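Each chain, letter by letter, is given below.
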Amino acid sequence: PFDEFAKEWLDTYVPNLKPATAVGWRHILKLRLLPRFGSWRLDEIGAEDIERYKADLKKTNLAPSTVNKDLIVLRRLLRVAQEWKRLTVVPKVKCFPEPPGRRDFLSCDESEHLLADHSDPVAHEMALVALRTGVRIGELLALDWSDIDFERCTLTVRHAFSAGVLCSPKSGKLRQIPLTRDVLLALERRHEPAGFLFRARPYRAMSEFASYSRLR
């Protein structure tokens, strides 16, 4: 049955994903996929059944992007079942078309206005590093002093926090980023031999930094 294979898949396959992805997929399975298909045999799920599932979810006013996440999880589960010789044919899973994602960037004036506020020194330094390097928030929080090369004026992205777990960055590859003079000066003022750059904000840093950025 679907529910038995889903449990095996969750225990064996899903832990190899990024922590945040794994959390999201577990939630989708528990909330919607298992209640719908839990007692079905894997080979009972056909393209028509998936289309009915999509239609039923759409009636609940879920956004197409949310329904598509369910479909992505279902498709991956069925494909793994095929790879593991538990299923012969994987039915077609067609996602809804989605409009281009909205990207919201700070303008140059907004960036400079943000950096002009020194009321919170740690948040200010986080904003400075983020704006000058373009690192993601999870990568920012995972930066270690060993990632900073003051002689070569570079920063190496080696890790990222995902759902509170330290893992590889999204690309899965190391990358080096040149550091500007103002970032180097800021970091040199409190250079430490080891440890996270922003360890003063271990778990609250992401929400605090986001609030700081929005309110400026």
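Residues numbered from 1 in each chain as written. Predicted model: local features only at pLDDT ≥ 70, side-chain atom pairs only at ≥ 80, totals over all residues. Heavy atoms only, no water.

Participant: Explain the nonpolar core to me, please; I cannot follow it from the model alone.
Facilitator: Here is a general trend for soluble globular proteins: nonpolar side chains tend to be buried in one another's company. Within the largest apolar cluster, 29 residues are counted, with the highest numbers of intra-cluster contacts made by Phe-2, Trp-9, Leu-29, Leu-33, Leu-42 and Leu-77. Only helix H1 (2-12), helix H2 (19-37), helix H3 (47-59) and helix H4 (64-83) provide two or more residues apiece to this core. The biggest single contributor to this core is H4, with eight residues. Apart from the residues lying within four places of it in its own chain, the contact partners of Leu-33 are Phe-2, Ile-28, Gly-38, Tyr-53, Asp-70, Val-73 and Leu-74. (Core = buried A, V, L, I, M, F, W, Y, C linked by side-chain atoms within 4.5 Å. Buried < 20%, exposed > 50% of the residue type's maximum accessible area, 1.4 Å probe, protein only. Helix = DSSP H or I, 4+ residues; strand = E, 2+ residues; numbered from the N terminus. Contact = heavy atoms within 4.5 Å.)

Participant: I'm lost on the packing of aromatic side chains in this one. Help?
Facilitator: Aromatic ring pairs: the centre-centre distance and the angle between the two ring planes describe each pair. Within this structure, the stated rule accounts for seven aromatic pairs. Ring centres 5.3 Å apart and planes at 55° place the aromatic pair Phe-37 and Tyr-53 in the tilted group. Of this pair, Phe-37 sits in helix H2 while Tyr-53 sits in helix H3, and the two are 16 residues apart along the sequence. Assessed through its relative accessible area of 0%, Phe-37 is described here as buried. Here Tyr-53 falls in the buried class, since its relative accessible area comes to 2%. Measuring from ring centre to ring centre gives 5.6 Å for Phe-161 and Phe-196, while their planes differ by 55°; the resulting arrangement is tilted. In this pair, Phe-161 sits in strand E3 (residues 160-162) while Phe-196 sits in the loop between helix H8 (181-188) and helix H9 (205-215), placing the two residues 35 residues apart along the sequence. Exposure remark for Phe-196: the relative accessible area of 30% places this residue in the partly exposed category. The rings of Phe-2, Phe-37, Trp-40 and Tyr-53 are connected pair by pair, giving a single aromatic cluster. Over the ring of Phe-37 we find Arg-36; its NZ or CZ atom is 5.9 Å from the centre of that ring. Sitting above the plane of the Phe-96 ring, Lys-54 keeps its charged end 4.7 Å from the centroid. (Phe/Tyr/Trp six-rings, centres within 6.5 Å; stacked < 30°, edge-to-face > 60°. Lys NZ or Arg CZ within 6 Å of the ring centre and 35° of its normal.)

Participant: Would you mind going over the environment of Glu-48 with me for this structure?
Facilitator: Secondary-structure assignment places Glu-48 in helix H3. For the pair Glu-48 and Val-93, spaced 45 residues apart in the sequence, the C-alpha separation amounts to 9.7 Å. Separated by 2.8 Å, the side chains of Glu-48 and Arg-52 make a polar contact. (Polar contact = N/O pair within 3.5 Å; in protein donor to acceptor, adjacent residues only side chain to side chain.)

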